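Structure at a glance
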Amino acid sequence: MALSTSPSEQTILGIDPGLAQLGFGSIHCRNVPLTSVSAQSDQKPVQLLDFGVIETPKKTPIGQRLATIYDDLHTLLTEIQPDLVAIEKFFFYRMSNTILVAQARGVVLLVLAQHDVPYVEFTPAQVKQALTGYGNADKREVQAAVARELELEQYPKPDDAADALAVALTAWFSGT
């Protein structure tokens, strides 16, 4: 679902890279004066478009899992037509998982290059700082901030999708 954009509007797709679950979340942002926001409820500064995950089964060979991410991400970019993609910067968790996440991230960067979509990257600490004002905030605090900013009644699920929305909001807050 792509919305028309102008210099004061943009669609941002957030991505939380992963091999088992690659989280995504898209938002449409408007730079509208605060008086306009309160006067016209349909002119909210940020609007949730979509969120979810691209899943790959654990027992599937890695090449096929990466191909699924490749194909699904192409489809997602074609449907959303983002002006900007925000990616959570690679963060080392466990050595066994690090290489797999790096491979999935490589596929993401390849697909973005093929679609000629600009991207920005943010570390987990930058995302936490942007959404909560505290770089060491816990996952619940970040999820609460995402729900508040997007006027959601509950936290987005699964966590990878919520993380992707947090990255997209960070890009919007940073004015990138």
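Refer to the structure presented above.
This is a predicted model, so every value here is computed, not measured.

What follows deals with the pairing of strand β4 (residues 84-88). Taking burial as the measure, the five residues of β4 include five buried ones, the bulk of the element. Burial of β4 is two-sided: the residues L84, A86 and E88 facing one way and the residues V85 and I87 facing the other way are all buried. Relative to β4, strand β1 (residues 9-16) runs parallel, the two being bridged by four bridges. Across the sheet, residue I15 finds its bridge partner in β4, namely I87. In terms of strand pairing, β4 meets strand β5 (residues 119-122) through four bridges, oriented parallel. Bridge pairing links V85 to Y119 in β5.

Soluble globular proteins: nonpolar side chains tend toward being buried together. Counting 22 residues, the largest nonpolar core has I12, I27 and L169 as the members making the most contacts within it. Put simply, the parts of the chain that give this core at least two residues each are β2 (21-30), β4, β5, α4 (124-132), α5 (139-149) and α6 (159-174). Dropping the residues within four chain positions of it, L169 is found in contact with I27, V46, L131, V146, E149 and L150. One finds F24, L76, I80 and L112 within the second-largest nonpolar core, a separate group that totals 20 residues.

Here is what the cut-offs are and how they apply
Residues numbered from 1 in each chain as written. Predicted model: local features only at pLDDT ≥ 70, side-chain atom pairs only at ≥ 80, totals over all residues. Heavy atoms only, no water. Buried < 20%, exposed > 50% of the residue type's maximum accessible area, 1.4 Å probe, protein only. Helix = DSSP H or I, 4+ residues; strand = E, 2+ residues; numbered from the N terminus. Pairing = 2+ DSSP bridges. Core = buried A, V, L, I, M, F, W, Y, C linked by side-chain atoms within 4.5 Å. Contact = heavy atoms within 4.5 Å.

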